[in-house]
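Coordinate analysis (summary)
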Amino acid sequence: MYDYDMIVIGSGPSGRRAAVQTAKIGKSVLVVEKGRRVGGVSVHTGTIPSKTLRETVLNLSGWRERGFYGRSYRVKQDIDASDLMARLRKTLDHEVEVLEHQFSRNAVKTARGEGRFVGPHEIEVTAETGETRIYSAGHVLIACGTRPFRPDHVPFNRTSVFDSDEIIDLPRLRAA
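To start, this report covers the structure provided alongside it. (Residues numbered from 1 in each chain as written. Predicted model: local features only at pLDDT ≥ 70, side-chain atom pairs only at ≥ 80, totals over all residues. Heavy atoms only, no water.)

1. Section: the overall build of the chain
A tally of regular secondary structure across the chain gives five helices and six strands. Listed N to C, the secondary structure of the chain is β-α-β-α-α-α-α-β-β-β-β in terms of helices and strands. Looking at the chain as a whole, 36% of its 176 residues are labelled buried. Considering only intrachain contacts with a sequence separation of at least 6, the fraction spanning at least 24 residues in the chain is 57%. When the accessible surface of the chain is split by element, carbon and sulfur atoms take 50% of a total near 11400 Å². (Helix = DSSP H or I, 4+ residues; strand = E, 2+ residues; numbered from the N terminus. Buried < 20%, exposed > 50% of the residue type's maximum accessible area, 1.4 Å probe, protein only. Contact = heavy atoms within 4.5 Å. Areas by Shrake-Rupley, 256 points an atom, 1.4 Å probe, with all protein chains shown as cover.)

What follows is the structure in structure tokens.
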């Protein structure tokens, strides 16, 4: 009767878990992701990128080892934005590969595009190219992402004050 037992809109933490668990009980699942790659905000702009940048700085600066080696210890003398971005890309690529493998292992299908309801059990997926396709399912889970909170009193300027989405595109580091 339906194309899938469940359609999940969004592949972040809740969407990926719902999709995999549903597939593990023998149900057919389609995940709709509007981003270029699966993983959602958690993988691409939120949790994992911010923690990766933090850990990379702590590692390259030698911060954790200073108690043992002394205050002047550094893994890398001059850290620049390209060092941070290289590590970030490698980590994000790994996270996406793990998720794609998990989906593949559990026969979870994916569709790239933006999903919207066109009926109680029908989701229209519009690709970046403008091409549309309608999928149907007995159940639909909306697991879409979030945006960073940007209070009015914080002077976000993309020069010295960034939100978590902006910091992952850091062009360079400068001394304070």
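2. Re the side chain of Ser-11
Position of Ser-11 among the secondary structure elements: in the loop between strand S1 (4–9) and helix H1 (13–24). In this structure the side chain of Ser-11 is engaged in a polar contact, spanning 2.6 Å, whose partner is the side chain of Glu-33. The residues contacting Ser-11, other than those within four sequence positions of it, are Arg-16, Val-31, Glu-33, Val-38, Gly-39, Gly-40 and Leu-99. (Polar contact = N/O pair within 3.5 Å; in protein donor to acceptor, adjacent residues only side chain to side chain.)

3. What about unusual backbone geometry?
In this model, Ala-107 sits at a positive phi of 60°, which is unusual for a non-glycine residue. Tracing the chain through its elements places Ala-107 in the loop between helix H5 (81–105) and strand S3 (109–112).

4. A few points about the sheet that holds S1
The strand order across the open sheet built from six strands is S3-S2-S1-S6-S5-S4, with neighbouring strands paired in mixed fashion. On the outer flanks of this sheet lie S3 and strand S4 (114–119), each paired with one strand and no other. Ignoring which end each strand starts from, the neighbouring axes of this sheet average 45° apart. As defined by bridge partners, S4 adjoins strand S5 (residues 122–126) across five bridges and the pair is classed as antiparallel. (Pairing = 2+ DSSP bridges. Axes fitted to C-alpha atoms, helices over the stretch in contact; angles between N-to-C directions.)

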